[in-house]
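Below, each chain spelled out in residue letters.
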Amino acid sequence: PAAMSRRVVRQSKFRHVFGQPVKADQMYEDIRVSKVTCDSSFCAVNPKFVAIIVESGGGGAFIVLPLAKTGRVDKNHPLVTGHTAPVLDIDWCPHNDNVIASASEDTTVMVWQIPDYVPVRNITEPVVTLEGHSKRVSIISWHPTARNVLLSAGCDNLVILWNVGTGEMLLALDDMHTDLIYNVGWNRNGSLLVTTCKDKKVRVIDPRKQQIIAEKTKPHDGTRPIRAIFVADGKIFTTGFSRMSERQLGLWDLNNFEEPIALQEMDTSNGVLLPFYDADSSIVYLCGKGDSSIRYFEITDEAPYVHYLNTYSSKEPQRGMGFMPKRGLDVSKCEIARFFKLHERKCEPIVMTVPRKSDLFQDDLYPDTPGPEPALEADEWLSGKDAEPILISLRDGYVPIKNRELKVVKKNILDSKPPPGPRRSHSTCNSDFSQPALEEVLEEIRALKETVQAQEKRISDLENKLCQFTNGTD
């Protein structure tokens, strides 16, 4: 301790970052947060919506609320209900704020289009259902730079990459994990994956070559689950437990995976620490499930490499946590992170701020950050191309884009079959039913769908108007 007091205090603009919950009326109340035992974060947010996995009698559901719809949530608020068993993970598409994927105990992954208006009824029809796992699917994660590429990992120890735009499986990474996969994370340009597994190994995988390019056995000696994420310069940050069941964090260099760059003990709590990383500030936030605090650290190139900044503490334990992408933050208030903390019956936003006196745009806090445009198409990525995220400036704040429809074009499996020989059977299929006729039918269906959606919106608007008139006089 004496040596510590002599040391010159490290210079960093993030030394005084502090967390603050929003006022009571800015919370989302009366939400029956899921009680499934699963180390997922249960909450996903973007600049338009907050989505939370909820309890649902039979089947699995999550609720989607427009960010501005704070306060008490109506008990009849529509849910997204399509799964036949509990939902275990949800993730918003980074390139379309109206598209969200869900993974479920029913072995499927579903991708949903969420309208900008609040629908009248539950949303029950996904845009596409992805079937390929044989056991429950507990992890999903969108590719950071390629359009429509989605990863799922299941309890069948299988990692699958999908092209959501066609509904096809692009790659299946089998024979890589010998046990339950705990978590999967992309690097910044989506060329590599890092995974943690119950077999106590951290693996770095090149998914397109289907190769493990580095692995580390027992980065933490304890038996409880490990988490790993990529941080800047391709380094890997892990959380786990020591042999004495103390919670640890570690920082590793891929080129020398044997020795950690940093390894620090924290406390003896037993909740798994979920790491959330902000590449723009190089801050990693650790949220333990069941903890009532968020600890945060700055990662730099100078020893001890992982610098403790501070802890946001509260009285209530967290059931889950959502993490807002940078473009959803309020730059005029020097907000550098916003968490959505789940309690048993509510969701409480927590704002992390750098104290500054000036009202001007603080460009040192807000370097250009990944925007909503993908840098690659799915097939370009699959063929071996890499691209860094397309960045945007937050100088004037970010305005979310209007709803863009996710179009799924199923490839006709017959197209890839060899042409048949001479036709012997008199097929009952009428070959006169030509392509144009089919197009016409599809066009009509599309028009009907649009009409129905317009009617739904109109009904919803009228209901809202009616509410204003009756104003609580039932």
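Residues numbered from 1 in each chain as written. Predicted model: local features only at pLDDT ≥ 70, side-chain atom pairs only at ≥ 80, totals over all residues. Heavy atoms only, no water.

Novice: How should I be thinking about the packing of aromatic side chains in this particular structure?
Specialist: A ring pair, where both rings are aromatic, is described by two values, the distance of the centres and the angle of the planes. Counted by the stated rule, this structure contains 13 aromatic pairs. Considering the side-chain rings of Y285 and F323, the 6.1 Å spacing of their centres and the 55° angle between planes classify their relative orientation as tilted. Remark: F323 occurs in strand β28 (residues 320-323) and Y285 occurs in strand β25 (residues 283-288); sequence separation between them is 38 residues. Accessibility expressed as a relative area gives 22% for F323, which makes it partly exposed. Here F361 and Y366 contribute two aromatic rings whose centre-to-centre distance is 5.7 Å and whose plane-to-plane angle is 25°, an arrangement assigned as stacked. Site record: aromatic cluster; members linked through ring pairs are F276, Y285, Y296, F323 and F339. (Phe/Tyr/Trp six-rings, centres within 6.5 Å; stacked < 30°, edge-to-face > 60°. Helix = DSSP H or I, 4+ residues; strand = E, 2+ residues; numbered from the N terminus. Buried < 20%, exposed > 50% of the residue type's maximum accessible area, 1.4 Å probe, protein only.)

Novice: I'm lost on the UniProt feature "repeat: WD" (unreviewed entry) in the protein chain in this one. Help?
Specialist: Mapped onto the present numbering, the UniProt feature "repeat: WD" (unreviewed entry) falls on residues 80-114, 130-172 and 174-215. Helix makes up 0% of residues 80-114 and strand 63%, and the two end C-alpha atoms of the span are 9 Å apart. As annotated, residues 130-172 has a helix share of 0% and a strand share of 56%, and its two end C-alpha atoms lie 13 Å apart. (UniProt positions renumbered as here; feature names shortened; annotations may be inferred.)

Novice: I'm lost on the sheet that holds strand β8 (residues 87-92) in this one. Help?
Specialist: Strand order in this open sheet of four strands is β8-β9-β10-β11, and the pairing throughout is antiparallel. A single partner strand is all that each edge strand has here, and the edge strands are β8 and β11 (128-131). Going from strand to strand, the sheet's axes swing by 20° on average, the running direction of each strand aside. Alignment of strand β9 (residues 99-104) against strand β10 (residues 108-113), held across five bridges, turns out to be antiparallel. Note on β10: the bridge partner recorded for A101 is V111. (Pairing = 2+ DSSP bridges. Axes fitted to C-alpha atoms, helices over the stretch in contact; angles between N-to-C directions.)

Novice: I tried to follow the layout of surface pockets on my own but got confused; where do I start?
Specialist: If a probe the size of a water molecule is rolled over the atoms, the empty space left behind becomes visible. Considering only enclosed or pocket space, the second largest pocket measures out at about 1700 Å³ in volume. V127, E405, L406, K449 and Q453 are, among the 34 residues lining the second largest pocket, the residues nearest its centre. If one sorts the elements of the lining of the second largest pocket by residue count, helix α3 (residues 435-470) sits on top with 12 residues. A breakdown of the residues in the lining of the second largest pocket according to their chemical character gives 15 nonpolar, seven polar and 12 charged. (1 Å grid on protein atoms, 1.4 Å probe; cavity = no way out; pocket = protein on both sides within 12 Å on 5 of 7 lines; lining within 4 Å. Points joined across faces, edges and corners; volume = space filled by probe spheres on them. Nonpolar A, V, L, I, M, F, W, Y, C, P; charged D, E, K, R; others polar.)

Novice: I tried to follow the environment of F230 on my own but got confused; where do I start?
Specialist: Mapped onto the fold, F230 is located in strand β20 (residues 227-230). When the C-alpha atoms of F230 and L274 are compared, they prove to be 13 Å apart, with 44 residues separating the residues in sequence. Residues within four places of F230 in sequence aside, it is in contact with G185, W186, N187, L192, L193, V194, V204, K235, I236, L254 and Y277. (Contact = heavy atoms within 4.5 Å.)

Novice: What am I meant to see in the side chain of D97 here?
Specialist: Tracing the chain through its elements places D97 in the loop between β8 and β9. Under the relative-accessibility criterion, D97 is labelled buried at 7%. Here R327 takes part through its side chain, which lies 2.9 Å from a polar atom of the side chain of D97. The residues touching D97, leaving out its near neighbours within four places in the chain, are N46, P47, K48, F49, W92, R327, Y398 and P400. (Polar contact = N/O pair within 3.5 Å; in protein donor to acceptor, adjacent residues only side chain to side chain.)

Novice: Which parts of the structure should I look at to understand the UniProt feature "coiled-coil region" (unreviewed entry) in the protein chain?
Specialist: Following the UniProt record, the feature "coiled-coil region" (unreviewed entry) maps to residues 438-465 here. The span residues 438-465 is 100% helix and 0% strand, and its two end C-alpha atoms sit 40 Å from each other.

Novice: Please clarify how the pattern of salt bridges should be interpreted in this entry.
Specialist: Close approach of charged atoms allows side chains with opposite charge to pair. For the structure on display, the rule yields 27 salt bridges. Put simply, R247 and D267 hold a salt bridge, and the shortest N to O gap is 2.9 Å. Taken together, the residues R247 in strand β22 (residues 247-252) and D267 in the loop between β23 (262-265) and β24 (273-278) connect sequence positions 20 residues apart. The closest approach of N and O atoms between E373 and R404, which form a salt bridge, is 3.2 Å. (Salt bridge = Lys/Arg side-chain N within 4 Å of Asp/Glu carboxyl O.)

Novice: How do you make sense of the environment of H77 when you look at a structure like this?
Specialist: Among the secondary structure elements, H77 is positioned in the loop between β6 (71-72) and β7 (80-83). Overall, the relative accessible area of 9% leaves H77 in the buried class. Sequence spacing of H77 and V120 is 43 residues, and the spatial spacing of their C-alpha atoms is 8.2 Å.

Novice: Help me understand the nonpolar core, please; the structure alone is not making it clear to me.
Specialist: One recurring pattern in soluble globular proteins is that nonpolar side chains are buried together. Within the largest apolar cluster, 37 residues are counted, with the highest numbers of intra-cluster contacts made by I31, V50, I52, F62, I114 and F340. Elements supplying a minimum of two residues to this core: β3 (43-45), β4 (49-54), β5 (60-66), β8, β10 and β29 (335-342). When residues of this core are assigned to their parent elements, the largest contribution, six residues, is made by β4. Residue contacts for I31: discarding those within four places in its chain leaves I52, V54, I63, L65, V73, E344, R345, K346 and C347. By size, the runner-up hydrophobic cluster in this structure holds 24 residues, among which are C287, L309, C334 and M352. (Core = buried A, V, L, I, M, F, W, Y, C linked by side-chain atoms within 4.5 Å.)

Novice: Looking at this model, I keep getting lost on the pairing of β8. Mind explaining?
Specialist: Looking down a regular strand, the side chains alternate between one sheet face and the other. The element β8 is extensively covered by neighbouring structure, given that five of its six residues are classed as buried. Where β8 meets β9, five bridges bridge the pair, whose relative direction is antiparallel. Across the sheet, residue V87 finds its bridge partner in β9, namely S104. The loop that links β8 with its antiparallel partner β9 comprises six residues.

Novice: Could you clarify how one ought to interpret empty space enclosed by the protein in this entry?
Specialist: Per the stated rule, a full pass over the model turns up three cavities of 30 Å³ or more. Here the largest cavity defines a volume of roughly 100 Å³. Surrounding the largest cavity, 14 residues form its lining, V64, H77, I114, P119 and I123 being those nearest its centre.

Novice: Just to check I follow, could you spell out a nonpolar patch on the surface for this structure?
Specialist: A contiguous nonpolar surface patch, about 300 Å² in accessible area, is contributed by L438, V441, L442 and I445. Relative to the helices and strands, L438 resides in helix α3. (Patch = residues over 30% accessible without salt bridge, like charges linked within 9 Å, V, L, I, M, F, W, Y side chains within 5 Å. Areas by Shrake-Rupley, 256 points an atom, 1.4 Å probe, with all protein chains shown as cover.)

Novice: Help me understand the pairing of strand β14 (residues 159-163) in this model?
Specialist: Counting buried positions over the five residues of β14 gives five, a clear majority of the element. Residues V159, L161 and N163 point to one face of β14 and I160 and W162 to the other, with burial holding for every one of them. Examined bridge by bridge, strand β13 (residues 149-154) and β14 share five bridges and lie antiparallel to one another. Looking at β14, one finds that S152 is bridged to I160. Taken together, β13 and the strand that follows it, β14, pair antiparallel across an intervening segment of four residues, in which N157 is found at a positive phi of about 60°.

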